[in-house]
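# Per-entry structural report
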Amino acid sequence: MVVVRNNILLLLFCLVALLVMAQSSFLPPCEPVNETVAVEKEGCPKCLVFQTTICSGHCITKEPVYKSPFSSVYQHVCTYRDVRYETVRLPDCPPGVDPHITYPVALSCDCSLCTMDTSDCTIESLQPDFCMTQREDFPAY
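Conventions adopted
- Residues numbered from 1 in each chain as written.
- Predicted model: local features only at pLDDT ≥ 70, side-chain atom pairs only at ≥ 80, totals over all residues.
- Heavy atoms only, no water.
- UniProt positions renumbered as here; feature names shortened; annotations may be inferred.
- Core = buried A, V, L, I, M, F, W, Y, C linked by side-chain atoms within 4.5 Å.
- Buried < 20%, exposed > 50% of the residue type's maximum accessible area, 1.4 Å probe, protein only.
- Helix = DSSP H or I, 4+ residues; strand = E, 2+ residues; numbered from the N terminus.
- Salt bridge = Lys/Arg side-chain N within 4 Å of Asp/Glu carboxyl O.
- Phe/Tyr/Trp six-rings, centres within 6.5 Å; stacked < 30°, edge-to-face > 60°.
- Disulfide = S-S within 2.5 Å.

Going by an unreviewed UniProt entry, the chain carries the name Luteinizing hormone beta subunit and comes from Gobiocypris rarus. What UniProt states about the chain under its Function (unreviewed entry) heading is, verbatim, "Involved in gametogenesis and steroidogenesis." Quoted verbatim from the Sequence similarities (unreviewed entry) field of UniProt, the annotation for the chain is "Belongs to the glycoprotein hormones subunit beta family."

Written out as structure tokens, the structure reads:
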């Protein structure tokens, strides 16, 4: 009876391990990807749309069955590990408005806690190329 119980436990463990491996192999990993983004600034009449590198993909997370008010669960998200900063100039900004915007470019990504400095940590956000003002595409070189 003990041998049968141990075999069942081993079988369940193997099934869970296979399920985790199968799930992670079908989902895109957390990595730098090319994306079209838009930047805009109050006072400037146009937003600038261009290609850059952002972090995107799935991270393994866990949701506790029992949630206690005394314990905290931290979900990891795909976010920047190493970045380089680049600056672009918005077109047609009036005098007195600084037309420059600096943004992060992903060099490498990591599954970690969300950093509000460089990541959009909302549950549902706007698309990265959303503009509230008139769009102007930045020419690709």
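## So, the nonpolar core
Within the largest apolar cluster, 19 residues are counted, with the highest numbers of intra-cluster contacts made by Val39, Phe50, Val88 and Leu90. At the level of secondary structure, the elements contributing two or more residues to this core comprise β1 (31-39), β2 (46-56), β3 (77-89) and β4 (100-112). In terms of residue count, β4 provides more of this core than any other element does, 5 residues in total.

## Digging into the pattern of salt bridges
Within the structure shown, the criterion is met by 2 salt bridges. A salt bridge links Lys46 to Asp92; the shortest N-O distance between them is 2.7 Å. Remark: Asp92 occurs in the loop between β3 and β4 and Lys46 occurs in strand β2; sequence separation between them is 46 residues. Accessibility expressed as a relative area gives 16% for Lys46, which makes it buried. In this structure, Glu86 engages Arg84 in a salt bridge whose closest nitrogen and oxygen atoms are separated by 2.7 Å. Judged by relative accessible area, which is 28%, Glu86 ranks as partly exposed. Exposure remark for Arg84: the relative accessible area of 39% places this residue in the partly exposed category.

## Quick look at the packing of aromatic side chains
Evaluated as defined, the whole model comprises 1 aromatic pair. Arranged with centres 4.8 Å apart and planes meeting at 50 degrees, the rings of Phe50 and Tyr103 form a pair that is tilted. Linking Phe50 in strand β2 with Tyr103 in strand β4, this pair joins segments that are 53 residues apart in sequence. Owing to a relative accessible area of 9%, Tyr103 belongs among the buried residues under this scheme.

## Considerations on the state of the cysteines
Under the definition given, this model contains 4 disulfides. Put simply, Cys30 and Cys78 are joined by a disulfide, and their sulfur atoms are 2.2 Å apart. Around the S-S axis, the bridge from Cys30 to Cys78 shows a dihedral of about 85 degrees and counts as right-handed. Taken together, the positions of Cys30 in the loop between α1 (2-26) and β1 and Cys78 in strand β3 put the pair 48 residues apart, joining distant regions of the chain.

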